[in-house]
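# Architecture and fold: a report
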Amino acid sequence: MTGSALTEAPATGTRAVEPAGDTRRRWVLLAAGLVAALALPWFVYPPVATDIAAMALFAIALDILLGYTGLLSFGHAAFWGSSAYVTALIATHYGAPFPVAVLGGALFAMLLALPVGYLSVRRSGIYFAMVTLAFAQMVYFIGYQWSDLTGGENGLQGVPRAFFGIELVETDSFYFYYAALPILLLGMWAAWRIVHSPFGRVLVSIRDNTQRARALGYEVEKYKVIAFVLSAGLTGLAGGVFAINHGFVALTELHWSTSGEVVLMTVLGGIGTLWGGILGAFLAVLLADYLASSGYNGIDLVTGAVFVLVVLLFRRGIWGTVRHQWLARQQRRTSSRRTSAGTDQARR
């Protein structure tokens, strides 16, 4: 067995056939999520709705590393912010439609992630987190010093929202949400395909037992680098949409605190679930917007308290805990039915 084939699954057994009931529930959940996404700007201020969708993809992208590969990155703000800057520069200087600008920002984020990931994955645990944080701070310093390009402390302002001359999208945040939503949903679908592919199962095996995965012949570092670059690319998509939505890019997008916020969202919803990232982003962004609108200045204090409360009450995050309890309940029902069937057969 060779580890060079990235589509090869760990030789730990055959994949079980998914029950029809589970498939049906998955489609129902997906349909409910799509309906919620389409209805969101009707109940939430449209720019905030776009922020929620962008941050949800950001959290999902981080979860590919944290939940499925076992790598905690404190440097993803570098990819979020750098993509935001590149997207803004492309949109401003070349007048490109925002989907093209966002794609350019995502590609830049992936190129930046390649050397960063190659050097970072040689460490694990807290050392990996610190190395990614160090690289992110280097990018922040470059963004601060290169004021001729990035605007320095003033950031980049007046970023246009060009969309093939369609005025409603370019001027109205409500319609912009629906124009940007397919990009974000495509990123979420890509994340789902990554973690549910043979490649994703290899990542899970690396997370669970790195030495065993290496013994099976997988090139662990190569898989980690690829996961790191893919995660950065999805982060870049989200960062680009965020920049176009706000019409400006600030140095805050490169700051380490942005990485901390998305880690909080991921843990809040539940790591290793994907849906948890969406729920965590929804709750965190909505709470921050509500507090800011009410004039309260201690936003970080409240969100920190909520995070501590969730960690104490929901060990696996909100979505993760609910999902775990539901699966445990289903398993108990299945075991009970099998026991009853075995008893009836023995009586016969």
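This report concerns the structure included in the present document. (Residues numbered from 1 in each chain as written. Predicted model: local features only at pLDDT ≥ 70, side-chain atom pairs only at ≥ 80, totals over all residues. Heavy atoms only, no water.)

This next bit is on unusual backbone geometry. Trans peptide bonds make up most of the peptide bonds, and negative phi angles are found at most residues other than glycine. At Phe164, a residue that is not glycine, the phi angle is positive and equals roughly 55 degrees. Tracing the sequence through the fold places Phe164 in the loop between α6 (147-150) and α7 (167-171). On the basis of relative accessibility, which here comes to 58%, the residue Phe164 falls in the exposed class. If you check the backbone angles, Leu274 has positive phi at about 65 degrees while not being a glycine. Here Leu274 is to be found in the loop between α12 (256-269) and α13 (275-293). (Helix = DSSP H or I, 4+ residues; strand = E, 2+ residues; numbered from the N terminus. Buried < 20%, exposed > 50% of the residue type's maximum accessible area, 1.4 Å probe, protein only.)

Another point: empty space enclosed by the protein. Counted under the stated rule, the structure contains one cavity of 30 Å³ or more. Here the largest cavity defines a volume of roughly 30 Å³. Around the largest cavity, the lining residues are Gly75, Ala78, Phe79, Val116, Thr132, Phe135, Ala136 and Val139. Only α3 (77-94) and α5 (125-145) provide two or more residues apiece to the lining of the largest cavity. The residue makeup of the lining of the largest cavity, split by class, is six nonpolar, two polar and no charged. (1 Å grid on protein atoms, 1.4 Å probe; cavity = no way out; pocket = protein on both sides within 12 Å on 5 of 7 lines; lining within 4 Å. Points joined across faces, edges and corners; volume = space filled by probe spheres on them. Nonpolar A, V, L, I, M, F, W, Y, C, P; charged D, E, K, R; others polar.)

So, on to the side chain of Thr87. Inspection of the secondary structure assignment puts Thr87 in helix α3. Within polar-contact distance, the side chain of Thr87 engages the backbone oxygen of Ala101 at 3.3 Å. Once residues within four sequence positions are removed from consideration, Thr87 is found in contact with Ala101, Val102, Gly105, Gly240 and Ile244. (Polar contact = N/O pair within 3.5 Å; in protein donor to acceptor, adjacent residues only side chain to side chain. Contact = heavy atoms within 4.5 Å.)

On the surface, a cluster of nonpolar side chains totalling about 500 Å² of accessible area is made up of Val308, Leu309, Leu312, Leu313 and Phe314. Note that Leu312 resides in helix α14 (residues 299-313). Under the relative-accessibility criterion, Leu312 is labelled exposed at 65%. (Patch = residues over 30% accessible without salt bridge, like charges linked within 9 Å, V, L, I, M, F, W, Y side chains within 5 Å. Areas by Shrake-Rupley, 256 points an atom, 1.4 Å probe, with all protein chains shown as cover. Salt bridge = Lys/Arg side-chain N within 4 Å of Asp/Glu carboxyl O.)

A few words on helix α9 (residues 198-208). Along an α-helix, residues three or four positions apart point the same way, because every turn accommodates 3.6 residues. For α9, every residue scored as buried is listed here: Phe199, Gly200, Val202, Leu203, Ser205 and Ile206. In this fold, the buried residues of α9 make contact with α8 (173-195), α10 (210-215) and α11 (220-246).

Let us look at the packing of aromatic side chains. A complete count under the given rule lists 14 aromatic pairs for this structure. Their ring planes at 85 degrees and their centres at 5.5 Å tell us that Phe79 and Phe228 sit as a pair that is edge-to-face. Placement of Phe79 in helix α3 and of Phe228 in helix α11 is noted, with a sequence separation of 149 residues between them. The exposure class of Phe79 is buried, given its relative accessible area of 2%. Members of the aromatic cluster, connected to one another through ring pairs, are Trp42, Phe174, Tyr175, Tyr177 and Tyr178. (Phe/Tyr/Trp six-rings, centres within 6.5 Å; stacked < 30°, edge-to-face > 60°.)

Its boundaries defined by the atoms lining it, the second largest pocket holds a volume of some 790 Å³. Forming the walls of the second largest pocket are 27 residues, and the residues nearest its centre are Glu261, Met265, Ala284, Val285 and Ala288. The set of elements that each furnish at least two residues to the lining of the second largest pocket consists of α2 (46-66), α11, α12, α13 and α14. When residues in the lining of the second largest pocket are grouped by element, the largest group, seven residues, is from α13. By residue class, the composition of the lining of the second largest pocket is 16 nonpolar, six polar and five charged.

Moving on, we get to the packing of α2 against α11. Running from amino to carboxyl end, α2 crosses α11 at an angle of 170 degrees, the nearest separation of the two axes being 8 Å. What the angle tells us is that α2 and α11 run roughly antiparallel. Residue-level inspection shows Pro47, Thr50, Asp51, Ala54, Leu57, Phe58, Ala61, Leu62, Ile64 and Leu65 of α2 in contact with α11, the latter providing Ala227, Phe228, Ser231, Leu234, Thr235, Leu237, Ala238, Val241, Phe242, Asn245 and His246. Here the residues of the contact of α2 with α11 sort into 15 nonpolar, five polar and one charged. (Axes fitted to C-alpha atoms, helices over the stretch in contact; angles between N-to-C directions. Parallel < 35°, antiparallel > 145°, perpendicular 65-115°, else oblique.)

With that out of the way, let us pick up α5. With 21 residues, α5 ought to run about 30 Å at 1.5 Å a step, and its terminal C-alpha atoms sit 31 Å apart, in line with that. For α5, every residue scored as buried is listed here: Phe128, Ala129, Thr132, Ala136, Val139 and Gly143. In an axial view of α5, the angular spread of the buried residues amounts to 95 degrees, which keeps them on one side of the axis. Facing away from the buried side of α5 by more than 90 degrees, the exposed set consists of Ile126, Tyr127 and Phe141. (Expected span 1.5 Å × (residues − 1). Arc of directions from axis to C-beta.)

What follows is about the nonpolar core. Across soluble globular proteins, nonpolar side chains show a tendency to be buried alongside one another. The biggest cluster of nonpolar side chains holds 87 residues, and the ones touching the most others in it are Phe98 and Leu234. When residues in this core are grouped by element, the largest group, 15 residues, is from α2. Those residues within four positions of Leu234 in sequence are excluded, and the remaining contacts are Leu57, Ala61, Ile64, Gly187, Ala190, Ala191 and Ile194. (Core = buried A, V, L, I, M, F, W, Y, C linked by side-chain atoms within 4.5 Å.)

Take the pattern of salt bridges next. Scanning all chains against the criterion turns up three salt bridges. Between Arg207 and Asp208 there is a salt bridge whose closest N-O contact spans 2.9 Å. For Arg207, a relative accessible area of 35% corresponds to the partly exposed category. Where Glu221 meets Arg214, a salt bridge forms, and the shortest distance between an N and an O atom there is 2.9 Å.

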